[in-house]
Amino acid sequence: MPSHLSTHSRYWAVIPAAGVGSRMGAAVPKQYLMLSGKTVLEHTLSRIARHPLIHGVVVVIAPGDEFFQRLNLPRQKNVLLSLGGAERCHSVLNGLNTLAEHAADDDWVLVHDAARPCIRAEDITRLIEALRDHPAGGLLGLPVADTMKRSDREGNVIATVEREGLWRALTPQMFRLGVLRDALEAALSQGVLVTDEAQAVEAAGHAPRMVEGHGDNIKITRPQDLVLAQLYLQQQECA
Ligand code: C5P
């Protein structure tokens, strides 16, 4: 049986949480800011670790991180720690290398930003089910709804970009562990600092599949995003 049809692969998650979040302008990295009574990372981690299809999770924290050990984490299944690097792609690769000590190259890994605490269990399930038999993997995304403009450095519009087929890339992004690790290593060895996993996998010649997710899966980037995330969490609880 081709390896991509193997029924024995397990599902793991890697959560890069080693950024400083400078655009938040806060003293604490954004994954440790409070949101509805818990840190952003606690929301994210519990949503990922609680998912019944996820076998274990690697959280990638910054060297010298003083915050993670202070979290009041409930006994979660298989939570491993790894140390981050200079850019998100270095952190993810470190997390994959930690995971490789416990997982098979054929296993699936879902990489999910610590800064996306509103991820819905149903979107994780949808991603896994949509990609179960896919040779490469794919990612959650949102079709672009607005008219898209390209500008020059001064902000003058130089083109209107056809939005047909344009997506915003979200996370989780789900690939075979071996495929993703090799793709990230190849990108980094060529000096390409990919901003998501799919970019590395695309450069390796694969065509990841887009799977439509929900727009409330926002990435906390600026202070106003915390307010929005709080509203989304409340709304999800009421649904
Ligand atoms: O900075 P940005 O919003 O793109 O970060 C996305 C995710 O990647 C965050 O969860 C952040 O903590 C993580 N990250 C990381 N290592 C870095 C930079 C970002 O784990 N060097």
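Residues numbered from 1 in each chain as written. Predicted model: local features only at pLDDT ≥ 70, side-chain atom pairs only at ≥ 80, totals over all residues. Heavy atoms only, no water.

1. Description of the pattern of salt bridges
Turning to step 1, where the next piece is worked out: Summed over the entire model, instances satisfying the criterion amount to ten salt bridges.
Turning to step 2, where the next piece is worked out: Across the salt bridge formed by Asp 113 and Arg 88, the nearest N and O atoms sit 2.8 Å from each other. Highlighted residues: Asp 113 in the loop between β6 (108–111) and α3 (121–131) and Arg 88 in helix α2 (residues 88–99), separated in sequence by 25 residues.
Turning to step 3, where the next piece is worked out: With a relative accessible area of 8%, Asp 113 lands in the buried category. (Salt bridge = Lys/Arg side-chain N within 4 Å of Asp/Glu carboxyl O. Helix = DSSP H or I, 4+ residues; strand = E, 2+ residues; numbered from the N terminus. Buried < 20%, exposed > 50% of the residue type's maximum accessible area, 1.4 Å probe, protein only.)

2. Focus on the site of the ligand
Turning to step 1, where the next piece is worked out: Not every one of the 16 residues close to the ligand is listed here, only the nearest: Pro 16, Ala 18, Lys 30, Gly 85 and Ser 91.
Turning to step 2, where the next piece is worked out: One of the side-chain N or O atoms of Ser 91 is found 2.7 Å from a nitrogen atom in the ligand.
Turning to step 3, where the next piece is worked out: At 3.3 Å, a backbone N or O of Ala 115 approaches an oxygen atom of the ligand.
Turning to step 4, where the next piece is worked out: Computed on the free molecule, the ligand has an accessible area of 460 Å², of which 86% lies beneath the protein chains in the complex.
Turning to step 5, where the next piece is worked out: Of all the secondary structure elements, the ones that give two or more residues to the shell around the ligand are β1 (11–17) and α2. (Near = heavy atom within 4 Å. Polar contact = N/O pair within 3.5 Å; in protein donor to acceptor, adjacent residues only side chain to side chain. Areas by Shrake-Rupley, 256 points an atom, 1.4 Å probe, with all protein chains shown as cover.)

3. Description of the environment of Val 192
Turning to step 1, where the next piece is worked out: Within the secondary structure, Val 192 is located in the loop between α4 (177–189) and α5 (197–203).
Turning to step 2, where the next piece is worked out: Val 192 sits in the partly exposed class, given a relative accessible area of 35%.
Turning to step 3, where the next piece is worked out: Sequence spacing of Val 192 and Cys 89 is 103 residues, and the spatial spacing of their C-alpha atoms is 9.6 Å.
Turning to step 4, where the next piece is worked out: Once you skip the residues sitting within four places of it in the chain, Val 192 turns out to touch Ala 187 and Gln 199. (Contact = heavy atoms within 4.5 Å.)

4. As for the sheet that holds β6
Turning to step 1, where the next piece is worked out: Reading across the sheet, the seven strands line up as β5-β4-β1-β6-β10-β7-β11 and stay open at both edges, with mixed pairing between neighbours. Edge strands, defined here as strands with exactly one partner in the open sheet, are β5 (79–83) and β11 (209–212). Going from strand to strand, the sheet's axes swing by 30 degrees on average, the running direction of each strand aside.
Turning to step 2, where the next piece is worked out: Examined bridge by bridge, β1 and strand β4 (residues 54–61) share seven bridges and lie parallel to one another. In the strand pairing of β4, Ala 17 is matched with Ile 61. (Pairing = 2+ DSSP bridges. Axes fitted to C-alpha atoms, helices over the stretch in contact; angles between N-to-C directions.)

5. Considering the nonpolar core
Turning to step 1, where the next piece is worked out: Ranked by size, the top nonpolar core spans 28 residues in total, and within it Leu 41, Ile 48, Val 57, Val 59, Leu 110 and Met 174 carry the most contacts.
Turning to step 2, where the next piece is worked out: Looking at this core, the elements with two or more residues in it are β1, α1 (40–49), β4, β6, α3, β7 (137–143) and β10 (167–176).
Turning to step 3, where the next piece is worked out: The contacts of Val 59, once residues within four sequence positions are left out, are Ile 15, Ala 17, Leu 41, Leu 45, Phe 68, Val 79, Leu 80, Leu 81 and Ser 82.
Turning to step 4, where the next piece is worked out: One finds Val 14, Leu 139, Ala 183 and Ala 187 within the second-largest nonpolar core, a separate group that totals 23 residues. (Core = buried A, V, L, I, M, F, W, Y, C linked by side-chain atoms within 4.5 Å.)

6. Focus: unusual backbone geometry
Turning to step 1, where the next piece is worked out: With an omega of 5 degrees, the peptide bond running from Thr 171 to Pro 172 counts as cis.
Turning to step 2, where the next piece is worked out: Looking at the element boundaries, Pro 172 is found in strand β10.
Turning to step 3, where the next piece is worked out: The residue Ser 36 is not glycine, and still its phi comes out positive at about 45 degrees.
Turning to step 4, where the next piece is worked out: Mapped onto the elements, Ser 36 comes out in the loop between β2 (34–35) and β3 (38–39).

7. A short note on a nonpolar patch on the surface
Turning to step 1, where the next piece is worked out: A surface patch of nonpolar side chains, amounting to about 260 Å² of accessible area, comprises Val 227, Leu 228 and Leu 231.
Turning to step 2, where the next piece is worked out: We classify Leu 228 as partly exposed; its relative accessible area is 35%. (Patch = residues over 30% accessible without salt bridge, like charges linked within 9 Å, V, L, I, M, F, W, Y side chains within 5 Å.)

8. A short note on α2
Turning to step 1, where the next piece is worked out: An ideal rise of 1.5 Å per residue puts 16 Å on twelve residues; α2 measures up with 16 Å between its terminal C-alpha atoms.
Turning to step 2, where the next piece is worked out: Along α2, the residues that are buried comprise Cys 89, Ser 91, Val 92, Leu 93, Gly 95, Leu 96, Thr 98 and Leu 99. (Expected span 1.5 Å × (residues − 1).)

9. Points about the confidence of the model for the protein chain
Reading fine detail from the predicted coordinates is not recommended where pLDDT is low.
Turning to step 1, where the next piece is worked out: Per-chain confidence: the protein chain averages 94 in pLDDT, with 96% of residues scoring 70 or above.
Turning to step 2, where the next piece is worked out: Across residues 1–6 the pLDDT falls below 50, and counting only partners more than four positions away or on other chains, this stretch makes eleven contacts in the model. (pLDDT = per-residue confidence, 0-100.)

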